[in-house]
Amino acid sequence: MAGKPKLHYFNGRGRMETIRWLLAAAGIEFEEQFFETREGLLKLQQDGSLLFQQVPLVEIDGMKMVQTRAILNYIAGKHNLYGKDLKERALIDMYVEATMDLNEIIMHHPIQPLETKAKHLATIIEKATTRYFPVYEKALKDHGQDFLVGNRFSRADVQLLETILMAEECKPDILSKFPTLQAFKARISNIPTIKKFLQPGSQRKPPLDEKVIPKVMSIFNIGNE
């Protein structure tokens, strides 16, 4: 019997957080190995664990997997979160890629310089409410099902909920003009595995604290490339 997946990353969200969400949604327990310094990351790079010298790294089913999308694709495929056929998978991919685009913008907000932070926040709100959320609102209305694709839970639902909650941390009423998305959020949040992950004490990570930002920037050498 294979052991639990082991996640190697810093103790924060970053690009590992969506992987945590997807494993949790699938009901899969996982272990985490945090590196706290740049030296910890360099050690992983030097011991040959990182195929392209980058994290996230997930040890799963005898593999050392890197590249966020490859890891997510594997987890989704293994745990039936990737649609029933190739067409559903293509639709899931389209939704997920767009969700990850928005997620990436939000993820970088805490490390923005003070002088550009307000402008960056305005960009997040503008893109969320004019480019992304209207598409999902219409898709759910037109589809008439509880889930984005087909009639079953998929990674598209997981990743959209994660990104909605991140967007709400930026602007709590960001869904005010999207009643279908509000209902979607409530519905998906109540799925047992998701509900458990949203409880205090889970392996879900909080927003990046300002006190931790210098440490994260040091680990990843941000600003010194």
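You'll find the structure just up there.
Summarised in this report is the structure supplied together with it. (Residues numbered from 1 in each chain as written. Predicted model: local features only at pLDDT ≥ 70, side-chain atom pairs only at ≥ 80, totals over all residues. Heavy atoms only, no water.)

**Observations concerning the overall build of the protein**
Applied cut-off: Each helix corresponds to a stretch of at least 4 residues labelled H or I by DSSP, and each strand to a stretch of at least 2 residues labelled E; elements are numbered beginning at the N terminus. Within these notes, the globule rule equals 2.2 Å times the number of residues to the 0.38 power, and the radius of gyration is based on C-alpha atoms. For every accessible area listed, the method is Shrake-Rupley and the probe measures 1.4 Å; residues are considered covered only by the protein chains on display. When charges are counted, neither His nor the chain ends are considered; positive counts come from Lys and Arg and negative counts from Asp and Glu. Think of each charge as sitting on NZ of Lys, CZ of Arg, CG of Asp or CD of Glu.
A tally of regular secondary structure across the protein gives nine helices and four strands. For the protein, the succession of helices and strands along the chain, N to C, is β-α-β-α-β-β-α-α-α-α-α-α-α. In terms of overall dimensions, the protein is globule-like: its C-alpha atoms have a radius of gyration of 18 Å, near the 17 Å expected for 225 residues. Counting only C-alpha atoms, the protein reaches 50 × 50 × 30 Å along its principal axes. Just so you have it, the protein exposes about 11,900 Å², and 54% of that area is on carbon and sulfur atoms. Averaging the locations of the 31 positively and 28 negatively charged side chains of the protein gives two centres separated by 2 Å.

**Some remarks on the pairing of strand 1 (residues 6-9)**
Under the convention used in this document: Strand pairing is assigned whenever DSSP identifies at least 2 bridges connecting the two strands. Crossovers are marked right-handed if the path from the first strand over the helix to the second runs clockwise, as seen with the strands pointing away from the viewer.
With four bridges joining them, strand 1 and strand 2 (residues 31-34) adopt parallel strand pairing. Across the sheet, Y9 pairs through a bridge with F34, a residue of strand 2. In the classification by handedness, the crossover that spans strand 1, the intervening helix 1 (residues 17-25) and the parallel strand 2 is right-handed. Relative to strand 3 (residues 57-60), strand 1 is paired through three bridges, and the arrangement is antiparallel. Note on strand 3: the bridge partner recorded for L7 is V58.

**Here's the deal with the packing of aromatic side chains**
To keep it simple, the criterion reads: Put simply, two rings from Phe, Tyr or Trp (the six-membered ring, in Trp's case) pair if the centres are within 6.5 Å, and we call them stacked under 30 degrees between planes, edge-to-face over 60, tilted for the rest. The rule is simple: take the accessible area with a 1.4 Å probe, protein chains only, and divide by the maximum for that residue type; under 20% is buried, over 50% is exposed, in between is partly exposed. A ring is considered to have a charge above it if a Lys NZ or an Arg CZ atom is located within 6 Å of its centre and within 35 degrees of its normal.
Taken as a whole and judged by the stated rule, the model has nine aromatic pairs. Between Y9 and F35 the ring centres are 6.5 Å apart and the planes differ by 65°, which places this aromatic pair in the edge-to-face class. Of this pair, Y9 sits in strand 1 while F35 sits in the loop between strand 2 and helix 2 (38-46); the two residues are 26 residues apart in sequence, bridging distant segments of the chain. Each of the two residues, Y9 as well as F35, counts as buried. Among the aromatic side chains, those forming a connected cluster through ring pairs are Y9, F10, F35 and F220. Its end group placed over the ring of Y82, R89 keeps NZ or CZ at 4.1 Å from the ring centre.

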